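# Structural description and commentary
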Amino acid sequence: MKIGIDKIGFATAQYVLNMDDLAESRNVDPDKYSKGLLLNNLSITPVNDDIVTLGASAAESILSEEDKNTIDMIIVATESSVDQSKAASTYIHSLLGIQPFARSIEMKEACYGATAALDYARLHVQKHPESKVLVIASDVARYGVNTPGEPTQGAGSVAMLISKDPRILLLNDNSVAQTRDIMDFWRPNYSTTPYVNGIYSTKQYLDMLKTTWAEFQKRFNTSLADFSAFCFHLPFPKLALKGFNKVMDKNLPEDFKEKLKENFESTILYSKEVGNIYTGSLYLGLLSLLENSKNLVAGDQIALFSYGSGAVAEIFSATLVDGFKDMLQTNRLETLKNRIRLSVEDYEKLFFEEAAIDSEGNANIPEYKTGAFTLKEIHEHQRIYGKVNDK
Ligand code: HMG
């Protein structure tokens, strides 16, 4: 059976921090961010826009009523969850009006979670061919003011509808995962921001890539020559570029290497404007590739490298299907220009503002601009979400 991504959508914050503004304020050479990290802008969420509202907005942008009546599983992959017990997908299930007989869960392993979710979705559809599964990778990446990770923050959500006979790409039944118990990046329950061994994390990312790719090639008797593009987890685009250079085979013909390079540049276009969105970053890279590459055609193979700190890596592959371009947008970079540019002072207030919960567990939530959904209030410790403008 052919199973894969039938639809893919994206949502991000309505506010943006420009990297040159941040560099000036932090007394850093702007080239360090624009050339050293390959970042131009970061999406900044206010307190009423979180993984639930972003995830619901990303999914709402792609789902039809027929999809909502057919989806029987919703998986949210995240590492910036709003609750230790209740899955974010239960809120999203209700906000989207998905039929009641569905399973809703949340999955976690740093930025890797959505890759495990996709595999579970694929196996579920294999067992129940009429099912559709909604996989949402949703995160707010917040490192803190004046930390080394600050220029790599971001926020966003990628929603993917998994079904049989998909209209974008097939998820091939080949993957190699690797686990290492390391402390490169982690966030204990008592902390709102992560602890990071930054340079160590980049070395682990690159070494997990090298060793997993070697094993993948060996197990599936394949090589870079079989692929038209390689997508990488994108904590910041410069690290993915280093990854791309690591997997590059210098013996390939020049024009083929050029095609791979062009496609790599397409994978990082959105990430340059949004920053790290943790679980969704790899899939934002995939979306960016599909919507911007000039040379991809049906039948092309794409390799994907997923990495989540802690750490788990996985390489797997996908095959493009006929008509995939019809399922995509062409003006996303233009839309991103509509975000509201914040001064550094306003970014510091907006991104780190927390709900002021009183002793009864109530909080009024300020009404900042969001996508289609917003956190309206907290009432007796319960988060109340709704559509924007619904009273
Ligand atoms: P840093 O202090 O900015 O490091 O921290 P740097 O001094 O090495 O500078 C970065 C780059 O800018 C270097 O480029 C410099 O040369 C260059 P490179 O040598 O590596 O190619 N540079 C300049 N370029 C042009 N003009 C200049 C200039 N100055 C410097 N004037 C670090 C970088 C990544 C450590 C930091 O941003 C950080 O801690 N980030 C957060 C952690 C992270 O993103 N790690 C990535 C791997 S782990 C991962 O991917 C998982 C993750 O997504 C989380 C999860 O799984 O949940 C993070």
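Owing to the predicted nature of the structure, the values given are computational and were not obtained by experimental measurement. (Residues numbered from 1 in each chain as written. Predicted model: local features only at pLDDT ≥ 70, side-chain atom pairs only at ≥ 80, totals over all residues. Heavy atoms only, no water.)

## Here we look at the overall build of the chain
Regarding its fold elements, the chain presents 13 helices and 17 strands. Here the C-alpha radius of gyration of the chain, 20 Å, is about what a compact globule of 391 residues would show, namely 21 Å. Dimensions of the chain along its principal axes, counting C-alpha atoms only, are 65 × 55 × 40 Å. Within the chain, the proportion of its 391 residues that are buried is 58%. Considering only contacts within the chain whose residues lie at least 6 apart along the sequence, 75% involve residues at least 24 apart. As displayed, the chain offers around 16700 Å² of accessible surface, 48% of which is attributable to carbon and sulfur atoms. (Helix = DSSP H or I, 4+ residues; strand = E, 2+ residues; numbered from the N terminus. Rg over C-alpha atoms; globule rule 2.2 N^0.38 Å. Buried < 20%, exposed > 50% of the residue type's maximum accessible area, 1.4 Å probe, protein only. Contact = heavy atoms within 4.5 Å. Areas by Shrake-Rupley, 256 points an atom, 1.4 Å probe, with all protein chains shown as cover.)

## What about the site of the ligand?
In the vicinity of the ligand there are 28 residues, among which Glu79, Cys111, Ser201, Lys242 and Ser309 approach most closely. Within the side chain of Ser201, one N or O atom sits 2.8 Å away from a nitrogen atom of the ligand. Asn276 is positioned with one of its side-chain polar atoms (N or O) 3.2 Å from an oxygen atom of the ligand. Within the complex, the protein chains bury 74% of what would otherwise be the 1100 Å² of accessible surface of the ligand. Put simply, the parts of the chain that give the shell around the ligand at least two residues each are helix 2 (30-37), helix 7 (198-220), helix 8 (237-247) and strand 12 (301-308). (Near = heavy atom within 4 Å. Polar contact = N/O pair within 3.5 Å; in protein donor to acceptor, adjacent residues only side chain to side chain.)

## Some points on unusual backbone geometry
The step from Gly310 to Ala311 runs through a cis peptide bond, and the omega angle for that step is 0°. Along the chain, Ala311 turns up in the loop between strand 12 and strand 13 (312-320). The residue Asn146 is not glycine, and still its phi comes out positive at about 65°. Within the secondary structure, Asn146 sits in the loop between strand 6 (132-141) and strand 7 (154-164). Its identity as a non-glycine residue notwithstanding, Tyr278 has a phi of 50°, on the positive side.

## Regarding the side chain of Ser306
Here Ser306 lies in strand 12. Assessed through its relative accessible area of 1%, Ser306 is described here as buried. Among the polar contacts made by the side chain of Ser306, one reaches the side chain of Thr115 at a distance of 2.6 Å. If we skip the residues at most four places from it in the chain, Ser306 touches Cys111, Tyr112, Thr115, Leu282, Val312, Ala313 and Glu314.

## Here's the deal with the environment of Phe216
With respect to the helices and strands, Phe216 occurs in helix 7. You can call Phe216 buried: its relative accessible area is 0%. When residues no more than four places from it in sequence are discounted, the contact partners of Phe216 are Asn174, Ser175, Val176, Asn221, Thr222, Phe227, Ile315, Phe316 and Ser317.

## Focus on the pairing of strand 16 (residues 373-379)
Pairing geometry for strand 15 (residues 363-364) and strand 16, over two bridges, is antiparallel. Counted as the bridge partner of Ala363 is Ile378 from strand 16. As judged from the six bridges shared by strand 16 and strand 17 (residues 382-387), these two strands associate in the antiparallel manner. If you follow Thr374 over to strand 17, its bridge partner there is Gly386. Between the end of strand 16 and the start of strand 17, which pair antiparallel, lie two residues, with Glu380 showing a positive phi angle near 50°. (Pairing = 2+ DSSP bridges.)

## Some details on the domain arrangement of the chain
The accessible area lost on association of the parts is a frequent measure of interface size. Segmentation of the chain into domains returns domain 1 (3-168 + 331-387) and domain 2 (170-322). Once you take the C-alpha centre of each, domain 1 and domain 2 turn out to be 20 Å apart. Summed over both partners, the interface of domain 1 with domain 2 comes to about 4100 Å²; 62% of that surface belongs to carbon and sulfur atoms. Summed over the three residues of domain 1 that lose the most area to domain 2, namely Leu38, Cys111 and Tyr143, the buried surface amounts to 16% of that side. Between the two partners, domain 1 and domain 2, sit two salt bridges. For Asp173, the salt bridge goes to Arg122, with nearest N and O atoms at 3.3 Å. The interface formed by domain 1 and domain 2 includes 21 residue pairs in polar contact (both at pLDDT 80 or more). (Domains from an automatic or database assignment. Buried area = accessible area lost by both parts, 1.4 Å probe. Salt bridge = Lys/Arg side-chain N within 4 Å of Asp/Glu carboxyl O.)

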